Amino acid sequence: MNKLGAPHECIQVAVQMYDLGGLIHASYENANRGLLCAFIERWHAETNTFHLPIGEMTVMLDDVSNLLHLSIVG
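Residues numbered from 1 in each chain as written. Predicted model: local features only at pLDDT ≥ 70, side-chain atom pairs only at ≥ 80, totals over all residues. Heavy atoms only, no water.

K.L.:
Looking at this structure, I do not really get the overall build of the protein. What am I missing?
P.N.:
Broken down by element type, the protein carries 3 helices and 3 strands. Secondary structure elements of the protein occur, N-terminal to C-terminal, as α-α-β-β-β-α. When burial is assessed residue by residue, the protein has 8% of its 74 residues classed as buried. Within the protein, contacts between residues at least 6 apart in sequence are counted, and of these 26% link residues at least 24 apart. About 6,600 Å² of surface is accessible on the protein, with carbon and sulfur atoms providing 61% of the total. (Helix = DSSP H or I, 4+ residues; strand = E, 2+ residues; numbered from the N terminus. Buried < 20%, exposed > 50% of the residue type's maximum accessible area, 1.4 Å probe, protein only. Contact = heavy atoms within 4.5 Å. Areas by Shrake-Rupley, 256 points an atom, 1.4 Å probe, with all protein chains shown as cover.)

K.L.:
Just to check I follow, could you spell out the pairing of strand β2 (residues 49-52) for this structure?
P.N.:
On any regular strand, side chains alternate: one points to one face of the sheet, the next to the other face. Here strand β1 (residues 43-44) runs beside β2; their pairing, made up of 2 bridges, is antiparallel. From the neighbouring strand, Trp-43 faces β2, where its bridge partner is Phe-50. Counting the residues that bridge the hairpin from β1 to β2 gives 4 residues, and of these Asn-48 lies at a positive phi of roughly 55°. Here β2 pairs with strand β3 (residues 55-57) via 3 bridges, running antiparallel. Looking across to β3, one finds that Phe-50 is bridged to Met-57. Linking two consecutive strands that pair antiparallel, namely β2 and β3, is a turn of 2 residues. (Pairing = 2+ DSSP bridges.)

K.L.:
Is there a simple way to explain the sheet that holds β1 in this structure?
P.N.:
Hydrogen bonds along the backbone pair up the strands of a sheet, which may run parallel or antiparallel. The antiparallel open sheet is built from 3 strands, whose spatial order is β1-β2-β3. Of all strands in the sheet, those bounded by a partner on one side alone are β1 and β3.

K.L.:
What should I look at first to understand the side chain of Thr-49 in this one?
P.N.:
With respect to the helices and strands, Thr-49 occurs in strand β2. A distance of 2.7 Å separates polar atoms of two side chains, one belonging to Thr-49 and the other to Thr-47. With sequence-adjacent residues up to four places away left out, Thr-49 is seen in contact with Arg-42, Trp-43, His-44, Glu-56, Met-57 and Thr-58. (Polar contact = N/O pair within 3.5 Å; in protein donor to acceptor, adjacent residues only side chain to side chain.)

K.L.:
How do you make sense of the packing of aromatic side chains when you look at a structure like this?
P.N.:
Applying the stated criterion across every chain, the model contains 2 aromatic pairs. Ring centres of Phe-39 and Phe-50 lie 5.1 Å apart, and the angle between their planes is 70°; this geometry places the pair in the edge-to-face category. On the criterion of sequence distance, the pair formed by Phe-39 in helix α2 (residues 33-41) and Phe-50 in strand β2 is long-range, its members being 11 residues apart. Classification of Phe-39 by relative accessible area gives partly exposed; the value is 29%. These aromatic residues form a ring-pair network of at least three members: Phe-39, Trp-43 and Phe-50. (Phe/Tyr/Trp six-rings, centres within 6.5 Å; stacked < 30°, edge-to-face > 60°.)

Here it is in structure tokens:
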């Protein structure tokens, strides 16, 4: 990062080239830590699902696209 905290020029080019602009605003600093911890405790890597009191939840590629505003075309 440069002195102002902005990503280096080559990073900015890559972000634009691969249409990853939605990731710029995604940050763990903005997330509720308690909520993140609750989800981490309920993650089961064997099935790639969250086991919640209301049932299982699977995160699909379309969900990630909608949450992070990323293109999944191609």
